[in-house]
Amino acid sequence: MKGWWGKALFIDLGERKIKFMSIDQDVYTNFIGGRGLAIKLLWDLVPLGADPLSPKNVLIIASGPLSGMPLPSSGKLVVASKSPLTFGYGDGSLGTMASHHLRRSGFDAITITGASDKPVYLYIENDKVQIFSADDLWGKDTFETEDKLKERHGKDVGVLSIGKAGENLVRYATITSLKGRSGGRPGIGAVMGSKKLKAIVIRGTKEPEIFDEKELRRLSAEAYEKILKDSNYKFWISQGTMTTIAWGHKNSVLPTMNFKEGTWDSYESISGDFMEKIKVGRRGCPYCNMQCGNIIEDNTGELSELDYENVAMLGSNLLIDDLRKVGELNRLADMFGLDTISLGNSIGFYIEAGEKRMVGEKVEWGDFKRIRELIEEVAERRGIGNFIADGVMRMSMNLGRESESFAMHVKGLEVSAYNCYSTPGMALSYGVSPIGAHHKDSFVIAQEVLRDRLSYSREKVEKVVALQNMRGGMFESLTTCRFPPYEVSLDLNYYPKMLNAATGLSITLDDFKIVTDRIYSLIRAFWIREFGYWSRELDLPPKRWTTQSMSKGPYAGVKIDIEKYDEMLSYYYELRGWNDRGIPKRETLNSLGLDFAIAPLEKIVSLK
Ligand code: PTT
Ligand code: SF4
C-alpha cells in the first residue's frame with residue numbers, strides 16, 4: 001500500500017490498552033482519509049447510543065494521504081467524534097504540526113476510547129505510546145500547556161490540547177494547537193476532557209511510502225508557484241478571511257445582535273481595512289505559503305490571531321465595536337479552548353433572552369466587561385456560565401418553545417457567521433451540512449449574493465451539492481486546506497493529481513462525487529442510528545430566518561419562504577439518493593458499498 005500506512009493506533013484510556021488495528025485498502029479507496037476515515041471508524045467503534053461524554057465514546061484524530069506532506073497548505077488533520085452538542089457526527093479541521101508528525105508516525109489515525117480516572121496526556125513517538133500524568137497541566141490554558149509540553153519533549157513535536165472549557169465539558173469546547181489554530185466546533189474538546197485527556201504530543205520521524213515521488217514533488221513545486229503568482233495573493237495575505245466583515249455588511253449578511261440584522265453601521269471598526277492598520281504579524285498552518293492568520297495586539301497588549309468568524313461572532317453579533325477588545329475575547333476563547341462561533345451565538349442568545357425577560361439578567365449589547373466575564377464563567381461552568389456552556393439548543397429547550405424563534409442552530413450546532421434571511425441557498429447549506437449549521441461544506445453564499453440571491457432554483461441546489469463534493473468530500477478527506485483553490489484560484493485538478501501521485505490511485509475530480517455521496521450517506525446513517533429516528537424537520541434552518549426579517553438595508557422585510565425551501569430540500573435529497581425523509585435509500589447504500597449500514601438502519605427506519 002502506497003500513500004497510507006494501513007493501520008490506526010487504538011488506545012483504551014480506561015484499560016490502558018494500546019494496540020494497532022489494520023485497515024483494508026478498500027477502506028482507503030472508498031473513504032480516502034480524514035473525515036472519510038473518521039466516519040468509518042466511528043461507525044465501527046462507537047457502541048449504539050453511547051453518551052458522547054461517557055468512556056464509550058471514541059475520539060478520532062485522522063490524517064489523509066496528502067496531509068502533512070510538503071504540498072500547499074497541507075498541514076491539516078481532522079478531529080472527530082460523536083458530538084456532545086448535537087449527539088450526531090461532529091468533526092473539525094485543524095492546522096497543526098501534529099498533522100506533519102501524525103503523517104510520519106507509522107499510522108493514519110489515532111482512536112481513543114475509555115476514560116482515565118486521573119488527568120493524563122499521551123506522548124506518541126512513532127509506534128511507541130506512553131501515558132503520562134497531566135496533574136500539573138490540568139487547569140492550565142492551551143497556550144501554557146503547549147509551551148510546557150514543548151519544554152518537556154522538545155520543540156520538534158505536534159501538540160493538541162484542551163483548556164478549561166474541554167476539562168469542564170463545555171459542549172462547544174474545541175482542541176487547540178499552535179496558540180491560535182482551533183478545531184472541532186461540535187464539542188470535540190469536551191470529548192477529550194471527558195476522557196481526562198489533557199493533550200496529545202506526537203513526534204513522527206518515518207516517511208510514508210509515496211507511489212510517484214518525483215511527480216508529487218513536481219506538482220507541489222508548480223502549485224506553490226501558482227499560488228504566489230495569483231492576482232489575489234497579495235490581498236489575501238494582507239487581510240485573509242477578515243475581508244469578509246465589510247463584504248458581509250455590504251451584502252446584508254453580517255450577523256448583528258444574535259442575527260436580528262445583517263448590517264451594522266460600525267462595521268468599519270472591526271473590518272479587515274482597520275485590522276491592517278494595527279496588524280503586527282501573520283501566522284498560519286504548516287506547509288502554507290499563503291498564511292492567513294492575522295496577528296494584532298489585543299486590548300491587553302497580548303497577541304491575538306483573528307479570523308472572520310471569530311470577529312463577526314464576538315464583534316458585530318454582540319455589538320462590540322473595538323477590534324482590540326474583540327481580539328481579547330478571541331484570545332481568551334483560544335486559551336480556554338472554546339469555539340468562537342458557538343460562544344458568540346450562545347452569549348447572543350442569552351442577551352436576547354434577557355431583553356425578552358426570559359432570564360433574570362439583562363446584559364446590554366456591547367457590554368464588553370460583562371461579556372468578558374461571561375466567557376470566563378462559561379469556561380469554568382460557573383454561575384450562569386453553566387447554563388450558557390450547554391449551547392443554544394439546550395438553553396432554548398430550557399426556556400421553552402417561545403425562545404425557539406431566536407435560537408440560531410441546526411441540529412444543535414450554532415450557525416456560522418452568515419445571516420440568511422435573503423440567501424436560501426446558504427440556508428440550505430446549513431440545513432444539510434453533515435455536522436449542523438457550519439459553513440465549511442458549502443459556501444454557496446459567495447455566488448448567491450452576486451447572481452441569483454433570492455431564487456430557490458434547482459441550479460442552486462446543484463451548486464450546493466457540487467460545493468459539498470469538493471469542500472466537504474475532497475478537502476476533508478485528503479486532508480488539506482481548501483483556501484488555495486477557493487481564495488487564490490489554484491486549479492482544483494491539482495488535488496486528484498496529487499492524490500494519484502501519492503497513492504497510485506487513478507481518481508478524477510468527478511470521482512469525488514461518489515466518494516462524497518458515500519461519506520455523506522454514512523454520516524447521515526450514523527446520525528439516524530444514534531438518534532433512533534429521523535425527520536426532515538431536522539434539516540430546516542433556524543426559525544428566525546423563516547418567520548422574521550431584518551429591519552434595515554435593501555433586504556429589509558425579506559425572509560426565507562419555507563415552502564420553497566422545502567422544495568429545494570426535496571431536490572437535495574434526490575441528488576444524494578435519499579428518500580423524502582432525508583434517509584439514504586437501500587439502493588443508494590448498496591451502490592455506495594455501504595451494505596453494512598442497511599440492517600442497523602432498517603431496525604429503525606424504512607429505507608424505501
Ligand atoms: C472552524 C471554525 C472557523 S472556520 C473559524 S474562523 W474560518 C473559527 N475559528 C476559531 C478560532 O480561531 N478559535 C476558536 N477558539 N474558535 C474558532 N471557531 C471557529 O472555527 C481555520 C481556517 C479557516 S478560518 C477556515 S474558514 C478554513 N476552514 C477549513 C476547513 O474547515 N477545512 C479545510 N480542509 N480547510 C480549511 N481551511 C480554513 O482553515 P473547525 P484552523 Mg478550525 C483560532 O476547525 O472545527 O472546522 O471550525 O482550523 O487550523 O484554525 O484553520 O473564517
Ligand atoms: Fe492555514 Fe490559512 Fe494557510 Fe489555510 S491558507 S493552511 S487556513 S494559514
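Our subject is the structure that appears above.
Residues numbered from 1 in each chain as written. Chains lettered and ligands numbered in written order. Predicted model: local features only at pLDDT ≥ 70, side-chain atom pairs only at ≥ 80, totals over all residues. Heavy atoms only, no water.

(A) Just the pattern of salt bridges, in detail. Applying the stated criterion across every chain yields a total of 49 salt bridges. The partner of Asp127 in a salt bridge is Lys206, and the shortest N-O contact between them spans 3.7 Å. One end of the pair, Asp127, is in the loop between strand E7 (120–125) and strand E8 (128–133); the other, Lys206, is in the loop between strand E12 (197–203) and helix H7 (213–229), and 79 residues separate them in sequence. Given a relative accessible area of 42%, Asp127 falls into the partly exposed group. Overall, the relative accessible area of 28% leaves Lys206 in the partly exposed class. Salt-bridge contacts for Glu448 lead to Lys460; the nearest nitrogen and oxygen are separated by 2.7 Å. Of this pair, Glu448 sits in helix H18 (residues 445–448) while Lys460 sits in helix H19 (residues 458–478), and the two are twelve residues apart along the sequence. Overlapping salt bridges bring together Glu361, Lys369, Arg370, Glu373 and Glu377 as one network. (Salt bridge = Lys/Arg side-chain N within 4 Å of Asp/Glu carboxyl O. Helix = DSSP H or I, 4+ residues; strand = E, 2+ residues; numbered from the N terminus. Buried < 20%, exposed > 50% of the residue type's maximum accessible area, 1.4 Å probe, protein only.)

(B) Structural context of the nonpolar core. Judged by nonpolar contacts, the single largest core of 166 residues is most densely connected at Tyr89, Leu323, Leu338 and Trp545. In terms of residues, this core owes the most to one element, helix H22 (residues 511–531), which gives ten residues. Once residues within four sequence positions are removed from consideration, Leu338 is found in contact with Ala165, Val170, Tyr172, Thr174, Ala333, Leu343, Ile375, Val378 and Ala379. (Core = buried A, V, L, I, M, F, W, Y, C linked by side-chain atoms within 4.5 Å. Contact = heavy atoms within 4.5 Å.)

(C) Quick look at the site of ligand 1. Around ligand 1, the structure places 30 residues, and the nearest of them are Ser93, Ser182, Asp334, Asp339 and Glu476. For ligand 1, a nitrogen atom lies 2.7 Å from a polar atom in the backbone of Leu338. One nitrogen or oxygen atom from the main chain of Thr480 is found 2.8 Å from a nitrogen atom belonging to ligand 1. Secondary structure elements with two or more residues in the shell around ligand 1: strand E5 (89–95), strand E11 (181–183), helix H11 (308–314), helix H12 (323–336), helix H13 (340–355) and H19. For the shell around ligand 1, the element with the highest residue contribution is E5, accounting for four residues. By residue class, the composition of the shell around ligand 1 is seven nonpolar, 13 polar and ten charged. (Near = heavy atom within 4 Å. Polar contact = N/O pair within 3.5 Å; in protein donor to acceptor, adjacent residues only side chain to side chain. Nonpolar A, V, L, I, M, F, W, Y, C, P; charged D, E, K, R; others polar.)

(D) Region of interest: the site of ligand 2. Every residue close to ligand 2 is listed here: Ser73, Lys76, Arg181, Gly284, Cys285, Cys288, Met290, Gln291, Cys292, Cys481 and Phe483. Residues that form the shell around ligand 2 fall into these classes: six nonpolar, three polar and two charged.

(E) Spatial organisation of the side chain of His439. Residue placement: His439 occurs in the loop between helix H17 (424–432) and H18. In terms of polar contacts, His439 uses its side chain to reach the side chain of Glu309, at 3.2 Å. Separated by 2.9 Å, the side chains of His439 and Ser416 make a polar contact.

(F) Layout of empty space enclosed by the protein. Evaluated as defined, the whole model comprises one cavity of 30 Å³ or more. Volume-wise, the largest cavity comes out at about 60 Å³. Around the largest cavity, the lining residues are Lys411, Val432, Ser433, Pro434, Tyr520, Ile523, Arg524, Trp527 and Trp578. Element by element, the count of residues in the lining of the largest cavity is highest for H22, at four residues. The class makeup of the residues in the lining of the largest cavity is six nonpolar, one polar and two charged. (1 Å grid on protein atoms, 1.4 Å probe; cavity = no way out; pocket = protein on both sides within 12 Å on 5 of 7 lines; lining within 4 Å. Points joined across faces, edges and corners; volume = space filled by probe spheres on them.)

(G) Inspection of the packing of aromatic side chains at higher detail. Counted according to the given criterion, the structure contains 19 aromatic pairs. Relative to Phe443, the ring of Trp247 lies with its centre 6.4 Å away and its plane at 40°, an arrangement referred to as tilted. With a gap of 196 residues between them, Trp247 in helix H9 (residues 244–250) and Phe443 in the loop between H17 and H18 connect regions that are remote in the sequence. You can call Phe443 buried: its relative accessible area is 18%. Note on Phe349 and Phe406: the rings are 4.8 Å apart at their centroids and 25° apart in plane angle, and the pair reads as stacked. With a gap of 57 residues between them, Phe349 in helix H13 and Phe406 in the loop between helix H16 (391–399) and strand E16 (409–410) connect regions that are remote in the sequence. Among the aromatic residues, those joined into a cluster by ring pairs are Trp247, Tyr308, Tyr418 and Phe443. Positioned above the aromatic ring of Trp5 is the side chain of Lys206, whose terminal nitrogen or guanidinium carbon lies 6.0 Å from the ring centre. Sitting above the plane of the Trp527 ring, Lys411 keeps its charged end 6.0 Å from the centroid. (Phe/Tyr/Trp six-rings, centres within 6.5 Å; stacked < 30°, edge-to-face > 60°. Lys NZ or Arg CZ within 6 Å of the ring centre and 35° of its normal.)

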